[in-house]
Amino acid sequence: MLDVDVTYLEMKERPVPPPEPPTGAMVMRAGYPSVAFYRYLYTEVGKRWLWYERRKLSDSDLGDLLSRPHIHIHVLYFNGVPAGYVEYDRSEPNETEISYFGLISEFIGKGLGRFFVRWAVFNGWQADTERVWLHTCSLDHPRALGVYQSAGLVQYRRDHITIRDPRDLYDDLG
């Protein structure tokens, strides 16, 4: 079992536009990504941080989820290679949840994270958006909470939970 602290953050006012992307970086929406491509992104971004929830879904269930019109996936590319992604859930009226956000390990520390988080938060706003929110946890990158706060997100809740160690199910995690 693992003890995990979960921190919820939100933004209730549209932020300033993000800076220009670093040279070689660009973000593209993945309209309706294939299950295989999504699994690649999810696994490569999340394995170090023990992401496991989407791994439990069958291909059919994951495909159904990815085809929902309120789910939006944007991929950060660096020199033509996928470097990370952000997933939005816009199922609740007037709000956007940043469901998943992160970089593939090889791209951490290259100056992409601060740009991408600001881009992700700014892009979370639509004409009717009143709130963008996300949660992070003590299993995520040690600087994740600070990076989210530096992008203007403010903590509004903190929980302590206990989960089954996902490394018991997936030996490539961690």
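The structure we're discussing is the one just above.
My aim in this report is to walk through the structure given alongside it, one point at a time. (Residues numbered from 1 in each chain as written. Predicted model: local features only at pLDDT ≥ 70, side-chain atom pairs only at ≥ 80, totals over all residues. Heavy atoms only, no water.)

A tally of helices and strands in the protein chain yields 4 helices and 7 strands. Secondary structure of the protein chain in N-to-C order comes out as β-β-α-α-β-β-β-α-β-α-β. Taking 16 Å as the expected radius of gyration for a compact globule of 174 residues, we find that the protein chain reaches 16 Å, a close match to that expectation. Taken over 174 residues, the protein chain has a buried fraction of 48%. Within the protein chain, contacts between residues at least 6 apart in sequence are counted, and of these 72% link residues at least 24 apart. Of the roughly 9000 Å² of accessible surface on the protein chain, a fraction of 50% belongs to carbon and sulfur atoms. (Helix = DSSP H or I, 4+ residues; strand = E, 2+ residues; numbered from the N terminus. Rg over C-alpha atoms; globule rule 2.2 N^0.38 Å. Buried < 20%, exposed > 50% of the residue type's maximum accessible area, 1.4 Å probe, protein only. Contact = heavy atoms within 4.5 Å. Areas by Shrake-Rupley, 256 points an atom, 1.4 Å probe, with all protein chains shown as cover.)

Position of T96 among the secondary structure elements: in strand β5 (residues 95-103). Polar side-chain contacts of T96 include one of 3.4 Å to the side chain of R90. Beyond its immediate chain neighbours, meaning those up to four positions away, T96 contacts Y88, D89, R90, G124, T129, R131, V132 and W133. (Polar contact = N/O pair within 3.5 Å; in protein donor to acceptor, adjacent residues only side chain to side chain.)

Of note, L50 is a non-glycine position whose phi angle comes to about 65 degrees, a positive value. Tracing the sequence through the fold places L50 in the loop between α1 (35-46) and α2 (59-66). By relative accessible area, which is 8% here, L50 ends up buried. The phi dihedral of N94 is positive, around 65 degrees, even though this residue is not glycine. Topologically, N94 is positioned in the loop between β4 (81-89) and β5. Using a relative accessible area of 30% as the deciding quantity, one classes N94 as partly exposed.

Picture the strands of a sheet paired through backbone hydrogen bonds; they go either parallel or antiparallel. With mixed pairing, the 7 strands of this open sheet are ordered in space as β2-β3-β4-β5-β6-β1-β7. The strands lining the two open edges of the sheet, one partner per strand, are β2 (25-29) and β7 (154-163). Each strand axis lies, on average, 25 degrees off the axis of its neighbour in the sheet, ignoring direction. Note: strand β1 (residues 2-11) against β7, 9 bridges, orientation antiparallel. The residue bridging D5 from the neighbouring strand is H160, located in β7. The strands that α1 touches are β3 (71-78), β4 and β5; relative to β4, the one it contacts most, it runs at about 100 degrees. Packed onto the sheet, helix α3 (residues 113-123) meets β1, β2, β3, β4, β5 and β6 (131-137) and runs at close to 160 degrees relative to β5. (Pairing = 2+ DSSP bridges. Axes fitted to C-alpha atoms, helices over the stretch in contact; angles between N-to-C directions.)

Compared with an ideal rise of 1.5 Å per residue, which puts 12 residues at 16 Å, α1 spans 16 Å between its outermost C-alpha atoms and is within 8% of the ideal. Check the buried side of α1 and you find it contacts α2, β3, β4 and β5. (Expected span 1.5 Å × (residues − 1).)

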